[in-house]
Amino acid sequence: MSQSLQKIVVNAFGGPERLECRSVTPLVPAQGEVVVDLKCVGLNQADLMARRGEYRLSSGDPPFTPGIEGGGLISALGVGVENRHIGQRVMLTIGAPAGRGTYRSQFLALAEETIPVPDGISDELLGSLWLPFLTAWGALVWRQDVQPGQVVMLPAASSSVAIAASQIAKQHGCITIGTTSSPDKLQRLASLETAQYDHLVVTERTDPKKDNKIAKCPWWRTVKQITQGKGVDVIFDPIAAGDFLQTEIRLLASGGTIWVYGLLGKTGIVDVSPLIRKDAAIRGWLLNHLAGTAAEQTGYQHILEQVNLGNYRLPIAGKFSLDQVREAHAEMALGRHIGKYIFVF
């Protein structure tokens, strides 16, 4: 790489000011390893949580380098590597970043921790596909096995994961409902071709009688009308806490399932007794549940094939250089974007 090599270090838990950009020396691969010059690294809510100290099981204690996905070009091969070549475009597997982080110019990985990428997929997608598309595919297809005609509700509809989930659900013949707490995002989502929602529902509105303060609205009535009172078959949710989760439970159809894949909601007391009557369930989902399974490779190849064909598309909300990491985290925390923020090199 012609430019200086860098990595980001969280030197203490806290705000974006705790992110430090450090110069580093070139990596040297050991036997069986490759060096990947990263071209793209996706930003994720998990990165912000790790910086704040809310994701210690993944990050550990400072100092550490954040980042859970990335991809680029192989620049060096270790002894014994025969199935990769210098200049090859690859994406890191979902397990590769564990304990190392991808906010860096170069990444050292075992050869089998990289996945070759078709030429038709742009460099800007090399480090930004797995978290949205594999997270959604793993839960909705591999674990849930969604069926044509089922209603799938996707809260946080402006997120890259929900947008990816909308495309996957539609490909499987489902009816999609996206929910957002931001009225400002409604029109933008409705006009975004990659956001494949059959219906969009706003869960909060400003109240002009109370100085335009945020107020809850009876959004569940709209969902009930959409489903003609039958309820929602699958809810794929990064919020799933407190009053919002309570409402989701009430909206579930008989035999329905809520998949929880994030920790964005505010905790609170929830009555789960309706699950008994509905024969319904709440299940947790982590992308790493795929790691080491036969479905992991199936998922990689399916997503790469569909992206290469143009059937799956990821909206890029903004691009940052690695030394703009503090600005990137601050901007992402505002929650005004639709799609995915990425670092480019």
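No experiment lies behind these values; they were computed from the predicted model shown.

Definitions and limits used
- Residues numbered from 1 in each chain as written.
- Predicted model: local features only at pLDDT ≥ 70, side-chain atom pairs only at ≥ 80, totals over all residues.
- Heavy atoms only, no water.
- Core = buried A, V, L, I, M, F, W, Y, C linked by side-chain atoms within 4.5 Å.
- Buried < 20%, exposed > 50% of the residue type's maximum accessible area, 1.4 Å probe, protein only.
- Helix = DSSP H or I, 4+ residues; strand = E, 2+ residues; numbered from the N terminus.
- Contact = heavy atoms within 4.5 Å.
- Axes fitted to C-alpha atoms, helices over the stretch in contact; angles between N-to-C directions.
- Parallel < 35°, antiparallel > 145°, perpendicular 65-115°, else oblique.
- Left-handed = near helix turned anticlockwise from the far one by under 90°.
- Nonpolar A, V, L, I, M, F, W, Y, C, P; charged D, E, K, R; others polar.
- Pairing = 2+ DSSP bridges.
- Right-handed = clockwise from strand over helix to strand, strands pointing away.
- Expected span 1.5 Å × (residues − 1).
- Bend = angle between axes of the 7 residues up to and from the residue.
- Phe/Tyr/Trp six-rings, centres within 6.5 Å; stacked < 30°, edge-to-face > 60°.
- Lys NZ or Arg CZ within 6 Å of the ring centre and 35° of its normal.

A. Summary view of the nonpolar core. The biggest cluster of nonpolar side chains holds 47 residues, and the ones touching the most others in it are Leu 129, Trp 130, Leu 134 and Phe 236. When contributions to this core are tallied by element, the ones reaching two or more residues are helix H3 (130–143), strand S8 (151–154), helix H4 (160–171), strand S13 (232–237) and helix H9 (294–309). Sort the elements by how many residues they give to this core and H3 lands first, with nine residues. Among all residues touching Leu 129, those that are not within four sequence positions of it are Glu 69, Met 91, Ile 121, Leu 134, Leu 304, Val 307 and Leu 314. In terms of nonpolar packing, the next biggest core, distinct from the first, is built from 27 residues, Val 10, Val 41, Leu 48 and Val 325 among them.

B. Representation of the side chain of Ser 59 within the structure. Position of Ser 59 relative to the elements: it lies in helix H2 (residues 56–59). By relative accessible area, which is 17% here, Ser 59 ends up buried. Other than its neighbours up to four places away in sequence, Ser 59 contacts Phe 13, Ala 50 and Phe 64.

C. The packing of H3 against H9, seen in detail. At a minimum axis separation of 10 Å, H3 and H9 run at an interaxial angle of 120°. With respect to their mutual orientation, H3 and H9 come out oblique. By crossing handedness, the relation of H3 to H9 is classed as right-handed. On H9, the residues that touch Trp 130, Phe 133, Leu 134, Trp 137 and Trp 142 of H3 are Ala 295, Thr 298, Gly 299, Tyr 300, His 302, Ile 303 and Leu 304. When its residues are assigned to classes, the contact of H3 with H9 shows nine nonpolar, three polar and no charged.

D. Focus on the packing of H3 against H4. Put simply, H3 and H4 touch, their axes get as near as 8 Å, and they point 50° apart. One finds that H3 runs oblique with respect to H4. Remark: the crossing between H3 and H4 carries right-handed chirality. Side by side, H3 and H4 meet where Leu 131, Pro 132, Phe 133, Thr 135, Ala 136, Trp 137, Leu 140 and Val 141 of the first sit next to Ser 160, Val 161, Ala 164, Ala 165, Gln 167 and Ile 168 of the second.

E. Highlighting the pairing of strand S17 (residues 340–344). Counting buried positions along S17 gives four out of five residues, so the element sits mostly inside the fold. Two strands pair when backbone bridges link them, and strand S3 (residues 33–42) and S17 are joined in this way by three bridges, in the antiparallel orientation. Looking across to S17, one finds that Gly 42 is bridged to Ile 342. Note that strand S16 (residues 316–320) and S17 share four bridges and pair parallel. The residue bridging Ile 316 from the neighbouring strand is Lys 340, located in S17. In this fold, S16 hands off to helix H10 (residues 325–334), which returns the chain to S17; that crossover is right-handed.

F. Representation of H3 in the model. The end-to-end C-alpha distance of H3 is 17 Å, clearly below the 20 Å that 14 residues give at a rise of 1.5 Å each. The largest bend in H3 is about 30°, located at Trp 137. Taken across its 14 residues, H3 has 12 buried, putting it largely inside the fold. If you check which residues of H3 are buried, you get Trp 130, Leu 131, Pro 132, Phe 133, Leu 134, Thr 135, Ala 136, Trp 137, Gly 138, Ala 139, Leu 140 and Val 141.

G. Up close: the pairing of strand S9 (residues 175–180). Burial runs high along S9: five of the six residues are buried. One ladder, built from four bridges, connects S8 with S9; its direction is parallel. Considered in S9, the bridge of Leu 154 is made with Gly 178. The parallel pair S8 and S9, bridged by H4, forms a crossover whose chirality is right-handed. Sheet topology note: the S9/strand S10 (residues 199–202) ladder contains four bridges and is parallel. Opposite Thr 180, over in S10, you have Val 202 as the bridge partner. Of the crossover connections in this fold, the one passing from S9 over helix H5 (residues 183–190) to the parallel S10 is right-handed.

H. A look at the sheet that holds S10. Spatially, the six strands line up as an open sheet ordered S10-S9-S8-S13-S14-S15, and their pairing is parallel. Single-partner strands in this sheet number two, and they are S10 and strand S15 (281–284). With direction set aside, neighbouring strand axes in the sheet form an average angle of 20°. Where strand S14 (residues 252–260) meets S15, four bridges bridge the pair, whose relative direction is parallel.

I. Expanded view of the packing of aromatic side chains. The full count for this structure, using the stated rule, is eight aromatic pairs. Centre to centre, the rings of Trp 219 and Phe 244 are 5.3 Å apart; their planes meet at 20°, and the pair counts as stacked. Highlighted residues: Trp 219 in helix H6 (residues 219–226) and Phe 244 in helix H7 (residues 242–251), separated in sequence by 25 residues. Sitting above the plane of the Trp 142 ring, Arg 143 keeps its charged end 5.5 Å from the centroid.

J. Representation of unusual backbone geometry in the model. Going from Pro 62 to Pro 63, the amide bond is cis rather than trans, its omega being 0°. As for its position among the elements, Pro 63 is in the loop between H2 and strand S4 (71–77). Backbone geometry places Asp 145, a non-glycine residue, at a positive phi of 55°. Among the residues examined, Asp 145 registers a relative accessible area of 48% and is labelled partly exposed. Residue Ala 240 is not a glycine yet carries a positive backbone phi of 35°. Examined against the element boundaries, Ala 240 turns out to sit in the loop between S13 and H7.

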